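# Close look at the chain arrangement
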Amino acid sequence: MISRRHFTRGLGAGLVCGVSGCVTTQANQPDVPPGYRPTDADEVGLLRVFDRMEEKLKKSALHLKTPALTAYLKDMCCRMAAPYCPDIRVYVVRNPEFNASMASNGMMQVHTGFLLWCANESQVAAVLGHELGHYLRRHSINRRRDIVGKRDAAAFLGLTGLASIPGMSEAAQTLIFYSVQAYSREHESESDAVGIRLMARGGYDPVEAARVWERMIAVQRQAGNDPTYTKQQIFSSTHPLEAERMGALYGLARGLGPPKDPPPAGLMEHVRPLRGMMLDDQVKSGDDKTTEALLGTILRDNPDDVGMVHFHMGEMYRRRQNTSDLGLALASYQWALASDGAPPETHRSMGLVLRKLGRQGDAMDSFRTYLRLRPDADDRDVVQRYLAEG
Amino acid sequence: MILRMTAVVLALLVAGCSEYILIGPKEMKTSVVFSRRLEVIPDVAISVHPQRSFATIEGFDLDTLMVWPGIRDGHPLSPVMPDWPEGRTPPFKITMADTELVEFVETSLRGFLDVPVTTKDVRPTTLDGHPGIRFRYAYTLKDDKGGLDYEGIAVAATKKGRLYVIAYQGTRIYHFAKHLKAAEHVIATAKLSSGKGSEDTSDEDR
């Protein structure tokens, strides 16, 4: 037997789904053709919004004008989706968060934080391919139409007076929210599937698409964060579970098989000029547990610039300002100096730690070395004051 | 009924106006404004936020003077949100070296602005005769927060185990340079006090 409350909720849900279902079906369209410019008023409007955003982004100081890295990322997109190459514009954005995005006007934003997290070029290609998937499937406009359609359905309930039935309005609103989020998760899964095929076509190793998530889950677990959602979050999240994505991508990768030739491997060469800044931003995010786990993973997986990574590990320990971390900081700086890629600032930071440990003589030596290696140091006067204080 | 509603509306309007305190040039010491631990004498009219930590000449989004008078050891520069990671706005430690004070202010600003903050021109200085540090900083707000570029200067010094920070910032394109002289005057007139007679609470520290 069904109660009246359940019946009215069911009726509301059915009506909302019925109307929004039509919208969704109508919005499901094939890939955009190369050089696509929309004619529908809503899509034209959306593109204008993105065009304005792009104009602002071009002038923003957060947009890093790095021609070599930008060209490299653009080339990766062209490898995967050659016919669309002229339509894609890549922007490297200074942001420590793991993220990339692509708007339906062809504007792709790649966060520096995301580049730091990736172990190789195939992993970068996996995320760029995913973003291209959103673009090719026109997810921006479809999602907008989905929301508008569901909002219209809710308005329809209000007009017909059905919303005044007890429980109807709340049920409809809840259902619309979960439906919109589910639609978003559907898009993410679809983009994963499109992206992995694109990366395989571009000569990348599809299995790396799954390893991106495996790496992220491992780092989060090591940092003590739970990479799974609660039951409620499973329905309210815009993205599928990371573990779920990883599993699905491993399945797809098995179907596609490994690349015939070794995949391109130019990531380190191209991000090297920005690596210090990227590591610095990660350390300054203040999320020490994630930073420690991530830097540990980078040290294990990437043999490049080990000195620079050890330096930033030391910075993380030193900045905590705990006496118990001074030894860890000092050890990291010593590792850094014994490896390639340690910046001159390692000596300054080591001097600060040694001073706190009461090793004044060693500290002064470190400060002198810093000033010798960095004669134009921005903080030269302050370090000279340290030397004068003894 | 109409009379009662009018009275309510007027009361709300008056309450709204009382949010900001206008202080004319050399009219009064601003110790009242920036807590009993830091006095400054502006030479231009400024509007002071009732929380007594912020002041502006033209508007808070355009130019802002920020004062943190007497942060105690173990306390952060700004309030910490519950969902932020522990190190996002780190606590001040009395053991911090001058260059670490720069990092402390920079990280704190970065923490509550949620954008990278760059620093430069780090120099030794004094604040009311106390050895301290001075530096310039810059940041760009995210697009959804207006995307404006800001520049700023900050001066920090410690006295009797407490940290005193004065920072001035403005839009890079216009306001920073326009009011820099007034900000420098404020910094030059700063008087640090131990806050005797005031309640020693965290709120007061802000």
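Conventions we followed
- Residues numbered from 1 in each chain as written.
- Chains lettered and ligands numbered in written order.
- Predicted model: local features only at pLDDT ≥ 70, side-chain atom pairs only at ≥ 80, totals over all residues.
- Heavy atoms only, no water.
- Helix = DSSP H or I, 4+ residues; strand = E, 2+ residues; numbered from the N terminus.
- Buried < 20%, exposed > 50% of the residue type's maximum accessible area, 1.4 Å probe, protein only.
- Areas by Shrake-Rupley, 256 points an atom, 1.4 Å probe, with all protein chains shown as cover.
- Bend = angle between axes of the 7 residues up to and from the residue.
- Axes fitted to C-alpha atoms, helices over the stretch in contact; angles between N-to-C directions.
- Parallel < 35°, antiparallel > 145°, perpendicular 65-115°, else oblique.
- Left-handed = near helix turned anticlockwise from the far one by under 90°.
- Contact = heavy atoms within 4.5 Å.
- Disulfide = S-S within 2.5 Å.
- Salt bridge = Lys/Arg side-chain N within 4 Å of Asp/Glu carboxyl O.
- Core = buried A, V, L, I, M, F, W, Y, C linked by side-chain atoms within 4.5 Å.
- Expected span 1.5 Å × (residues − 1).
- pLDDT = per-residue confidence, 0-100.
- Buried area = accessible area lost by both parts, 1.4 Å probe.
- Polar contact = N/O pair within 3.5 Å; in protein donor to acceptor, adjacent residues only side chain to side chain.
- Nonpolar A, V, L, I, M, F, W, Y, C, P; charged D, E, K, R; others polar.
- Pairing = 2+ DSSP bridges.

### Overview of the overall build of chain A
- A tally of helices and strands in chain A yields 17 helices and four strands.
- The burial tally for chain A puts 52% of its 390 residues in the buried class.
- Roughly 17,900 Å² of accessible area belongs to chain A as shown, and the carbon and sulfur atoms make up 55% of that amount.

### Some details on helix 11 (residues 267–284) of chain A
All names here are of chain A.
- The principal kink in helix 11, of about 65°, is found at P273.
- The buried count for helix 11 comes to 13 of 18 residues, which makes it a mostly enclosed element.
- Looking one or two residues beyond helix 11, the residue adopting positive phi is G286, at roughly 85°.

### A short note on the packing of helix 8 (residues 207–222) of chain A against helix 10 (residues 242–256) of chain A
Residue and element names in this part refer to chain A.
- Look at helix 8 against helix 10: their axes get within 8 Å of each other, and the N-to-C directions meet at 155°. For the element pair helix 8 / helix 10, the angle class is roughly antiparallel. In the crossing of helix 8 with helix 10, the sense of the turn from one axis to the other is left-handed. Mapping the contact onto sequence places V207, A209, A210, R211, W213, E214, M216 and I217 in helix 8 and E242, A243, R245, M246, L249, Y250 and A253 in helix 10.

### So, the state of the cysteines
All names here are of chain A.
- Counted according to the given criterion, the structure contains one disulfide over all chains.
- There is no disulfide at C77, and the cysteine sulfur nearest it, in C78, is 6.6 Å away.
- When its relative accessible area of 0% is taken as the criterion, C77 is described as buried.

### Some remarks on the pattern of salt bridges
- Inspection of every chain in the model, using the stated rule, returns 41 salt bridges over all chains.
- A salt bridge links R272(A) to D305(A), with the nearest nitrogen and oxygen atoms 3.0 Å apart. Separated by 33 residues along the polypeptide, R272(A) in helix 11 and D305(A) in the loop between helix 12 (288–301) and helix 13 (306–319) bring together distant segments of the chain.
- R272(A) gets classed as partly exposed once you look at its relative accessible area, which sits at 36%.
- D305(A) sits in the buried class, given a relative accessible area of 16%.
- A salt bridge links K178(B) to E58(B), with the nearest nitrogen and oxygen atoms 2.6 Å apart.

### Thoughts on the nonpolar core
- Ranked by size, the top nonpolar core spans 110 residues in total, and within it L73(A), F114(A), L115(A), V124(A), L128(A), L132(A) and Y137(B) carry the most contacts.
- In contact with V124(A), other than residues within four places in its own chain, are L73(A), M76(A), F114(A), L115(A), C118(A) and L267(A).
- In this structure, L127(B), I153(B), I166(B) and Y168(B) belong to the second largest nonpolar core, which totals 20 residues.

### Concerning helix 16 (residues 360–373) of chain A
All names here are of chain A.
- Taking 1.5 Å per residue, 14 residues should reach 20 Å; helix 16 reaches 20 Å between its end C-alpha atoms and fits that length.
- Among the residues making up helix 16, those that are buried are A363, M364, S366, F367, T369, Y370 and L371.
- If you follow the buried residues of helix 16, they end up packed against helix 15 (345–356) and helix 17 (380–389).

### Notes on the confidence of the model for chain B
Residues and elements named next belong to chain B.
- Looking at chain B as a whole, its pLDDT mean stands at 79, while 75% of the residues score no less than 70.
- Considering only residues more than four positions removed or in separate chains, one finds that residues 28–33, a stretch of pLDDT under 50, has 16 contacts.
- Interface scoring of the predicted complex returns ipTM 0.78; its pTM is 0.80.

### Some points on the interface of chain B and chain A
- Counting from both sides, the interface comprises 34 residues of chain B and, opposite them, 28 residues of chain A.
- Between chain B and chain A lies a buried interface of about 2,500 Å² when both sides are counted; carbon and sulfur atoms form 45% of it.
- Applying the counting criterion to the chain B and chain A interface returns nine salt bridges.
- Seen at the junction of chain B and chain A, the total is 15 residue pairs in polar contact (both at pLDDT 80 or more).
- If you list the elements that add at least two residues to the side of chain B that touches chain A, you get helix 2 (98–113), strand 6 (117–127) and strand 7 (130–140) of chain B.
- Across the side of chain B that touches chain A, the residue classes break down as nine nonpolar, 10 polar and 15 charged.

### Comments concerning the confidence of the model for chain A
- Per-chain confidence: chain A averages 84 in pLDDT, with 79% of residues scoring 70 or above.
- Scored below 50 in pLDDT, residues 1–29 of chain A shows 34 contacts in the model against residues more than four places distant or in partner chains.

### Side note on the sheet that holds strand 4 (residues 107–111) of chain A
Residues and elements named next belong to chain A.
- The strand order across the open sheet formed by four strands is 1-2-4-3, and the pairing between neighbours is mixed. Of all strands in the sheet, those bounded by a partner on one side alone are strand 1 (63–64) and strand 3 (100–102).
- Pairing geometry for strand 2 (residues 89–93) and strand 4, over five bridges, is parallel. Pairing of R89 across the sheet is with M107, part of strand 4.

### Some words on the pairing of strand 6 of chain B
Residues and elements named next belong to chain B.
- Sheet topology places strand 6 next to strand 7; nine bridges connect them, and they run antiparallel. The residue bridging T125 from the neighbouring strand is G132, located in strand 7.
- Remark: two residues form the turn of the hairpin made by strand 6 and strand 7, two consecutive strands paired antiparallel; D128 in that turn has positive phi of roughly 55°.

### With respect to the environment of P343(A)
Residues and elements named next belong to chain A.
- Note on placement: P343 falls in the loop between helix 14 (326–337) and helix 15.
- For the pair P343 and M308, spaced 35 residues apart in sequence, the C-alpha separation works out to 6.4 Å.
- Apart from the residues lying within four places of it in its own chain, the contact partners of P343 are M308 and F311.

### Remarks on the pairing of strand 9 (residues 162–171) of chain B
Residues and elements named next belong to chain B.
- Most of strand 9 is tucked away, with 10 of its 10 residues classed as buried.
- Examined bridge by bridge, strand 5 (residues 63–71) and strand 9 share eight bridges and lie antiparallel to one another. Bridging from a neighbouring strand, L65 pairs with Y168 of strand 9.
- Across 10 bridges, the pairing between strand 8 (residues 149–159) and strand 9 is antiparallel. Bridge pairing in strand 9 links A156 to V165.
- Hairpin connection from strand 8 to strand 9: two residues lie between these consecutive antiparallel strands, with K160 at a positive phi of about 50°.

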